Amino acid sequence: MLGVVALPLATAIYLSFTSESLASTDPAAFVGLRNYTTAVFTPTFVRALRVTLTIVAIGLVIQLPIGFLLARILNRELFGHRIVRSALLIPMLLTPVAVGLMWRFMFNPDLGLARYLLAQVHPGLNWLGDPTLAMAVIVFVDSWMHIPFVMIMMLAGLAGLPGEVLEAASIDGAKWWRMTRYIILPLLQPVILVTLLIRFIDSFRLFDIVYAITNGGPGDATTNVSILAYLQTFTFFQIAQGAALSVAIALLIFPVYFVFLRVTRV
Amino acid sequence: MIRRIASTTLAYAILAIALVLAVFPLLWTISTSFKTEIQANAYPPVLVGFHPTLANYRYLFASSSNFYQAAETSIAVTACTTVLAVMIAAPNAYALVRMRVPARRVLVLLLVLVETMPGIVLVTPLFFIVAALHLYDTWLALILVYTSQSIPFATWVLVAFIRGVPIEVEEAAFVDGATRLQTFAHIVLPLVAPGLATVAIFTAIGSWNQFLVPVILGENGAETLTVFVTQFVTEKTIAWGSLSAAVVLVMAPIVVFVIAAQRYLVKGLTMGSVK
C-alpha cells in the first residue's frame, strides 16, 4: 500500500520542486515554488478546474434524479423489469475508453448517426467542434455510463426500506410526489449521500472518456484537471509542472477523503 | 383506475426509452463493425440492410496488426491481477474485521486514499518509479499497479462479507483447537465464497478496462487492448470500420460477463455502502 500511494505522492512532491523536464537535457535543479506559479496558479489551471467542476455539477444534477426515477419504476417490479435491469447494468461496466470511442463515432459530424438525427432538427451542428456542445457530449456520455450506477444504488436503498411504512403511506392515499418527498427521500438520505460522493469523485477524475472523445478540445474547452496534468506531463514533457499539477489536484480533493471516511466507515 | 393505467403506461414508456438508449449505441457499433469503410460513411446511415463484410475483423486478426499481442497482454495481466488481488484482499479484510491490527486507522485511511485519488496523480510519479526499476513496458509493472489499485475495493467488499460470518462459527473452531490460519482457510473462506467471486469479477472487469495506467506505463511490450483501440484514431483519419470491430472485441467479454454474473455484480456494487 505504501508503495502505491505514499511513494508516488512523495515522488510527485519532490519532482514538483525541481526543474525536471524531458524537453531539455539540463540536469534537474531545485527551483522552489516556481512550478506552482507557472503551472498551478495560472488561468489555464483555473479554466481546467472550472471545466472539471462543471462536468461534476451538471452530471450530478442529471444523473441523480434520473437514476432515482428509474429505480422507483424498476422497484414496482413491472413485467420485464429484470431484463431492463440487466440491460442497464451493461453501460456502467463497459470499458470507458471504448465507450468514448463509440460515442465519438456516433457524434461524428461527417458520418455519424447523431448527425442524421440532428439534421432533422438543426442541420450543420458540429457537436465536437463547438466548445459548449463538446462539454454537453462529455456530460452526456458520462451520464450514459453512470445513470445505471445511481439506479442500482437507489434500487438497493429502496429494497432496504421498511415495507410497512410505504404500505401505510400508500393506503393513506399519499400522492406519488408527496410520498417521494416526505417519506422516501428522507429515508434514502444515507444511500443518496454515498452515491453522490462516489459520483463526485469519479467525475472529478474523469479521464478515459474525455481522452477518447475530445482529448480536451476543441481548444481547451473540455480540458479537465486530469487531462491537463496528462498533457502537461506526457505531451509537452513538462514533468515538474505536471507533478505540481498532480500535487495540487491531490490537495484539492483532500477534504473529500474525510467525508468519504465518515460516510462509509470501513 | 384510469390513473393507474396511465401511470403504468408512463412507467413502461420510460423503461422502453431507457432500454433503447442503453442498448442502441452498442447495436450500432456492432453493425458498423460489419460495414466497409464506404458503407460506414453512407448517408443516411443504416443499421441493418447492408451487405455485411468480415473485412474489419479479418484486418484485426491479420498478423500485421498487434491485436493478438494486445489481447494476450490484456488477458494475462487481467488474470494475474485478479488472482493476486483476491489472495491479498481476503486475509487483509479478515484481519481488519477480526483482529486488532496495529495502526488500523492508518491502513483504512490508505485504502480510502487509493480508492479516491484521481488516477493521474499517482500514475505520473509511478511512471518514474517504474522506469527507475527498469519495469517500464512490462507486464509485471501493469500487474503490480493494477493489483494495488484493486485491493481497496476488494478489501472493502470482503470486509462486508466477513462481517456477515457469525463469530460463533469461528469460536467453535477455536474451541476445537484450530489455529487462526486454519479457521480462516477452512471456515471463513468457504463461507464467503460468493464474496470472493464478487471481488474476482470486479477486479477482472476493472483491470480489463484500465486505460490511463497502460497508456502511460506501456508501449509495445505491454500494450493492452484498451490502448490498442485508440490507435485507430490519428490526426488525419479515423478508420471507423476497424475501430468499431476493435471496440466490439474489447467490450464483448464485459457484456458476456455482466449478463452471466449480474447477481454478484449488483451485490458487489451496493455492498458496504448500502446496508
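Residues numbered from 1 in each chain as written. Chains lettered and ligands numbered in written order. Predicted model: local features only at pLDDT ≥ 70, side-chain atom pairs only at ≥ 80, totals over all residues.

## Here's the deal with the overall build of chain A
Along chain A, the regular secondary structure elements total 13 helices and zero strands. Long-range pairs, those at least 24 residues apart, make up 72% of the contacts in chain A with a sequence separation of at least 6. (Helix = DSSP H or I, 4+ residues; strand = E, 2+ residues; numbered from the N terminus. Contact = placed C-beta atoms within 7 Å.)

## Overview of the overall build of chain B
When helices and strands are counted, chain B shows 14 helices and zero strands. Start at the N end of chain B and walk to the C end: the helices and strands fall as α-α-α-α-α-α-α-α-α-α-α-α-α-α. Judged by the C-alpha coordinates and their principal axes, chain B covers about 75 × 70 × 30 Å. Counting the 275 residues in chain B, one finds 45% classified as buried. (Buried ≥ 20, exposed ≤ 12 C-beta atoms within 10 Å, placed from the backbone.)

## Quick notes on the nonpolar core
Among the nonpolar cores identified, the biggest contains 148 residues, and Ala98(A), Leu158(B), Val229(B) and Val247(B) are the most heavily contacted of them. Residue contacts for Leu158(B): discarding those within four places in its chain leaves Ala89(B), Ala90(B), Ala93(B), Val192(B), Gly195(B) and Val199(B). (Core = buried A, V, L, I, M, F, W, Y, C linked by C-beta atoms within 7 Å.)

## A closer look at the interface of chain B and chain A
Between chain B and chain A, the residue contacts involve 67 residues of the former and 64 residues of the latter. Considering every element that reaches the side of chain B that touches chain A, the biggest residue donor is helix α1 (residues 2–33) of chain B, with 12 residues.

## A few points about the packing of helix α4 (residues 81–93) of chain A against α1(B)
Running from N to C, α4(A) and α1(B) point in directions that differ by 40°, and their axes come no closer than 9 Å. The element α4(A) and its partner α1(B) pack so that their crossing is left-handed. Mapping the contact onto sequence places Val84(A), Ala87(A), Leu88(A), Ile90(A) and Pro91(A) in α4(A) and Leu15(B), Ala18(B), Leu19(B), Ala22(B) and Val23(B) in α1(B). Partitioned by chemical class, the residues of the contact of α4(A) with α1(B) number 10 nonpolar, no polar and no charged. (Axes fitted to C-alpha atoms, helices over the stretch in contact; angles between N-to-C directions. Left-handed = near helix turned anticlockwise from the far one by under 90°. Nonpolar A, V, L, I, M, F, W, Y, C, P; charged D, E, K, R; others polar.)

## Comments concerning the environment of Gln39(B)
Within the secondary structure, Gln39(B) sits in helix α2 (residues 37–40). Along the primary structure Gln39(B) and Ile238(B) are separated by 199 residues, whereas in three dimensions their C-alpha atoms are 14 Å apart.

## Observations concerning the domain arrangement of chain B
Residue and element names in this part refer to chain B. Partitioning chain B into domains gives domain 1 (2–53) and domain 2 (63–270). The straight-line distance from the C-alpha centre of domain 1 to that of domain 2 is 33 Å. With eight residues of domain 1 at the interface, the matching set in domain 2 holds six residues. Contributions of two or more residues to the side of domain 1 that touches domain 2 are made by α1 and α2. Ranked by residue count, the leading element in the side of domain 1 that touches domain 2 is α1, at four residues. Residues belonging to the side of domain 1 that touches domain 2 are distributed by class as follows: two nonpolar, four polar and two charged. (Domains from an automatic or database assignment.)

## Let's talk about the environment of Thr36(B)
Residue and element names in this part refer to chain B. Residue position: threonine 36 is located in the loop between α1 and α2. Considering only alpha carbons, one finds threonine 36 and leucine 84, 48 residues apart in sequence, at a separation of 42 Å. Sequence-distant contacts of threonine 36, that is, excluding residues within four places in its chain, are made with Thr53, Ala55 and Gly241.

## What about the packing of helix α10 (residues 193–209) of chain B against helix α13 (residues 240–260) of chain B?
All names here are of chain B. In contact at an axis separation of 11 Å, α10 and α13 are set at 160° when each is read in the N-to-C sense. The angle between α10 and α13 falls in the class roughly antiparallel. In the crossing of α10 with α13, the sense of the turn from one axis to the other is left-handed. The segment α10 lies against α13, with Ile201, Ile205 and Trp208 engaging Pro253, Ile254 and Phe257. Of the residues contributing to the contact of α10 with α13, the split by class is six nonpolar, no polar and no charged. (Parallel < 35°, antiparallel > 145°, perpendicular 65-115°, else oblique.)

## Points about helix α5 (residues 96–107) of chain A
Residues and elements named next belong to chain A. Over its 12 residues, α5 extends 16 Å from the first C-alpha to the last, a length consistent with the 16 Å expected when each residue adds 1.5 Å. Of all 12 residues in α5, 12 are buried; the element is thus mostly enclosed. Where α5 is concerned, the buried positions are Pro96, Val97, Ala98, Val99, Gly100, Leu101, Met102, Trp103, Arg104, Phe105, Met106 and Phe107. (Expected span 1.5 Å × (residues − 1).)

## Side note on the environment of Met99(B)
Mapping Met99(B) onto the fold places it in the loop between α4 (67–98) and α5 (104–116). For the pair Met99(B) and Ala141(B), spaced 42 residues apart in sequence, the C-alpha to C-alpha distance is 32 Å.

## So, unusual backbone geometry
Leaving glycine aside, a negative phi is the common case for residues, and trans is the common case for peptide bonds. Positive phi values are uncommon outside glycine, yet Asn215(A) reaches one of about 50°. By the C-beta count within 10 Å, which is 18 here, Asn215(A) ends up partly exposed. A positive phi is found at His134(B), a non-glycine position, where the angle reads about 60°. With 9 C-beta atoms packed within 10 Å, His134(B) lands in the exposed category.

## Section: the confidence of the model for chain B
In this model, chain B carries a mean pLDDT of 84, and residues with pLDDT of at least 70 account for 95%. This complex was scored by the predictor with a pTM of 0.88 and an ipTM of 0.87. (pLDDT = per-residue confidence, 0-100.)

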